[in-house]
Amino acid sequence: MTAALDLLDLDPSLTDEERQIRDVVRHLVDDLVRPHVADWYEEGRVPARELAREFGKLGLLGMHLTGYGCAGASAVAYGLACQELEAGDSGLRSLVSVQGSLAMYAIWRYGSEEQKQRWLPSMATGEAIGCFGLTEPDHGSDPASMATRARRDGNDWLLNGGKMWITNAPIADVAVIWARTDSGVRGFAVPMDTPGVTAREIHRKMSLRASVTGEIVLDDVRLPADAQLPEAAGLKAPLSCLTEARYGIVWGSLGAARDCLETTLAYATTRTQFGRPIAGFQLTQAKLADMAVELVKGQLLALHLGRLADAGRLRPDQVSVGKLNNVREALAIARQCRTILGANGVSGEYPVMRHANNLESVLTYEGTSEIHQLVVGQRLTGLSAFA
Ligand SMILES: Cc1cc2nc3c(=O)[nH]c(=O)nc-3n(C[C@H](O)[C@H](O)[C@H](O)COP(=O)(O)OP(=O)(O)OC[C@H]3O[C@@H](n4cnc5c(N)ncnc54)[C@H](O)[C@@H]3O)c2cc1C
């Protein structure tokens, strides 16, 4: 972040190691992402496999997990990495979040030793790509009503159903699929080359265009008994994975906002109208000040949640506070920055509208804003408004 944006001198609150990790990821994004991301976005194509291998070399995949080739970094270090990745593009942070916090975490937390040995080392290097199938065409915010079924057939499992809006699905080697069984929701590590599994890419997204999204169809997919994640019982298992990924979004969304604000500060101090830089107008300064205040408040919140996570004390409803606030404010910052760039704000030559469009997806996935309001509301009132 430019020194000017660090209004509260947060930098010294980070350890040397945390700053080093942040700087390494920032350089990676500068080298591998920034020169190309506008084209990837425009073309709706991204070299996800190549990028995953580069991210793997730096230990960014499953970064906060331990063993099996994972880096075992702190929650704060992982958050800082998410912030830098999303300053490049939300799609690339999504690639890392889904790989590490959803697919790898599910196997790491709920898998058998054999499943962990089979999948985690190659996922940590980016050789194998994972995805996480919870959402269905007719069941999004309410996954408890999922229609995908797994039933026993001798020792095997037979899976039928479909998953929708699944990040990485078309390029994945393994999908963590959540399905209803006679004894409740269970998770399965499904190799994507299993007969009966098909993945179709979803095109025409106007958001997260530098991210691969797909639909998974499961048609009489026969799996051996040991494909089931033995430790996952009930919906709380996939929800715990979502808490992991949401934590990354708390930080990541601010990366997109910061990139918008840095771009806008540079623009507003050099663009002149009425004979002076537009940054000199009081109305522009009011916008810049409000945005910088929201950014730094969000960073304080993210850092606080990260420290709670590292102390083993972070609750899911606290992650909801972070996701709700930081994504909402990041989106507001991106939209406000766009106004300061005038017509250039709608151009792909600048990252601002790309970030704003991406943040529309970030607002919706991993629990919509409304769902996080309900989680916080339940915490406040003791009453669930879900059912
Ligand atoms: C680009 C992208 C990538 C994604 N990647 C994945 C992935 O990798 N894996 C995966 O499983 N899913 C993924 N998703 C799906 C995402 O998690 C869902 O879109 C999200 O959970 C919302 O579900 P929905 O779209 O079906 O909306 P709905 O649940 O139909 O909600 C529509 C609207 O109704 C509101 N609403 C719903 N219920 C309530 C209520 N009780 N009270 C108040 N308001 C309510 C919502 O807040 C929202 O505004 C992805 C989505 C996108 C856009």
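Residues numbered from 1 in each chain as written. Predicted model: local features only at pLDDT ≥ 70, side-chain atom pairs only at ≥ 80, totals over all residues. Heavy atoms only, no water.

Comments concerning the overall build of the chain
Then, number 1: In terms of helices and strands, the chain carries eleven helices and nine strands.
Then, number 2: Here the chain has a C-alpha radius of gyration of 21 Å; the compact-globule value for 387 residues is 21 Å, and the two agree.
Then, number 3: Projected onto its principal axes, the C-alpha positions of the chain cover 80 × 45 × 40 Å.
Then, number 4: Put simply, the chain has 387 residues, and 54% of those count as buried.
Then, number 5: For the chain, the proportion of contacts with a sequence separation of at least 24, taken over those separated by at least 6, is 76%. (Helix = DSSP H or I, 4+ residues; strand = E, 2+ residues; numbered from the N terminus. Rg over C-alpha atoms; globule rule 2.2 N^0.38 Å. Buried < 20%, exposed > 50% of the residue type's maximum accessible area, 1.4 Å probe, protein only. Contact = heavy atoms within 4.5 Å.)

Describing the nonpolar core
Then, number 1: Phe55, Phe132, Trp178 and Leu229 are the most contacted members of the largest nonpolar core, which totals 95 residues.
Then, number 2: The greatest single-element share of this core, amounting to 15 residues, is contributed by helix H7 (residues 236–270).
Then, number 3: Among the nonpolar cores identified, the runner-up in size contains 21 residues, and Ile129, Leu159, Ala175 and Ile177 belong to it. (Core = buried A, V, L, I, M, F, W, Y, C linked by side-chain atoms within 4.5 Å.)

A word on the packing of H7 against helix H8 (residues 282–310)
Then, number 1: For the pair H7 and H8, interaxial distance at closest approach is 10 Å and the crossing angle is 155°. Our classification of the angle between H7 and H8 gives roughly antiparallel. As for how H7 packs across H8, the hand of that crossing is left-handed. Note on element contacts: H8 touches H7 through Thr284, Leu288, Met291, Ala292, Leu295, Gly298, Gln299, Ala302, Leu303, Leu305 and Gly306, opposite Tyr247, Val250, Trp251, Leu254, Ala257, Arg258, Leu261, Thr264, Leu265 and Ala268. (Axes fitted to C-alpha atoms, helices over the stretch in contact; angles between N-to-C directions. Parallel < 35°, antiparallel > 145°, perpendicular 65-115°, else oblique. Left-handed = near helix turned anticlockwise from the far one by under 90°.)

Description of the packing of aromatic side chains
Then, number 1: Applying the stated criterion across every chain, the model contains five aromatic pairs.
Then, number 2: A ring pair is formed by Tyr105 and Trp108, whose centres lie 5.9 Å apart and whose planes are at 35°; its orientation type is tilted. Of this pair, Tyr105 and Trp108 are both found in helix H5 (residues 90–110), three residues apart, which corresponds to roughly one turn of the helix.
Then, number 3: On the basis of relative accessibility, which here comes to 9%, the residue Tyr105 falls in the buried class. (Phe/Tyr/Trp six-rings, centres within 6.5 Å; stacked < 30°, edge-to-face > 60°.)

Points about the side chain of Ser94
Then, number 1: With respect to the helices and strands, Ser94 occurs in helix H5.
Then, number 2: Its relative accessible area of 1% is what places Ser94 among the buried residues.
Then, number 3: A distance of 2.8 Å separates the side chain of Ser94 from the backbone oxygen of Ser90, its partner in a polar contact.
Then, number 4: Apart from the residues within four sequence positions on either side, Ser94 is in contact with Thr167, Leu208, Ser211 and Tyr365. (Polar contact = N/O pair within 3.5 Å; in protein donor to acceptor, adjacent residues only side chain to side chain.)

Focus on the site of the ligand
Then, number 1: Close contacts around the ligand come from 16 residues, with Thr135, Ser141, Trp165, Thr368 and Glu370 the closest.
Then, number 2: Trp165 is positioned with one of its backbone polar atoms (N or O) 2.7 Å from a nitrogen atom of the ligand.
Then, number 3: Burial of the ligand by the protein chains amounts to 67% of its free accessible area of 980 Å².
Then, number 4: Of all elements in the fold, only strand E3 (156–167), helix H10 (352–364) and helix H11 (369–381) reach the threshold of two or more residues within the shell around the ligand.
Then, number 5: Tallying contributions element by element places E3 first for the shell around the ligand, with three residues.
Then, number 6: In terms of residue class, the shell around the ligand is made up of seven nonpolar, seven polar and two charged. (Near = heavy atom within 4 Å. Areas by Shrake-Rupley, 256 points an atom, 1.4 Å probe, with all protein chains shown as cover. Nonpolar A, V, L, I, M, F, W, Y, C, P; charged D, E, K, R; others polar.)

Here's the deal with the environment of Gly255
Then, number 1: Considering the arrangement of structural elements, one finds Gly255 in helix H7.
Then, number 2: The exposure class of Gly255 is buried, given its relative accessible area of 0%.
Then, number 3: A sequence separation of eleven residues divides Gly255 from Glu244, and the C-alpha atoms of the two residues are 18 Å apart.
Then, number 4: Residues contacting Gly255, with those up to four places away along its chain left out, are Gln83, Glu86 and Ala87.

Digging into the environment of Gly140
Then, number 1: Relative to the helices and strands, Gly140 is located in the loop between strand E1 (130–133) and strand E2 (149–153).
Then, number 2: When the C-alpha atoms of Gly140 and Gly91 are compared, they prove to be 20 Å apart, with 49 residues separating the residues in sequence.

Here's the deal with unusual backbone geometry
Then, number 1: The phi dihedral of Asp220 is positive, around 50°, even though this residue is not glycine.
Then, number 2: Mapped onto the elements, Asp220 comes out in strand E7 (residues 213–223).
Then, number 3: With phi around 60°, Glu366 is a residue other than glycine that occupies positive phi space.
Then, number 4: Given a relative accessible area of 12%, Glu366 falls into the buried group.

Description of the pattern of salt bridges
Then, number 1: Inspection of the entire model under this criterion finds 23 salt bridges.
Then, number 2: Between Glu54 and Lys57 there is a salt bridge, with its nearest N and O atoms 3.2 Å apart. One end of the pair, Glu54, and the other, Lys57, are both in helix H3 (residues 48–57), three residues apart, so they sit about a helical turn from each other.
Then, number 3: Its relative accessible area of 27% is what places Glu54 among the partly exposed residues.
Then, number 4: The shortest N-O distance in the salt bridge between Arg93 and Glu86 comes to 2.4 Å. Here Arg93 matches Glu86 in class, with each residue buried.
Then, number 5: Each of Arg26, Glu84, Arg258 and Glu262 takes part in a single network of salt bridges with overlapping partners. (Salt bridge = Lys/Arg side-chain N within 4 Å of Asp/Glu carboxyl O.)

Examining the pairing of strand E4 (residues 174–181)
Then, number 1: Judged by how many residues are buried, E4 sits mostly within the fold: seven of eight residues are covered.
Then, number 2: The sheet contact formed by E1 and E4 spans four bridges and is parallel. Within the sheet, the bridge partner assigned to Phe132 lies in E4 and is Val176.
Then, number 3: Two strands pair when backbone bridges link them, and E4 and strand E5 (residues 184–191) are joined in this way by eight bridges, in the antiparallel orientation. Each residue of the ladder has a partner; that of Val174, found in E5, is Pro191.
Then, number 4: Where E4 folds back on E5, the antiparallel hairpin that results is connected by two residues. (Pairing = 2+ DSSP bridges.)

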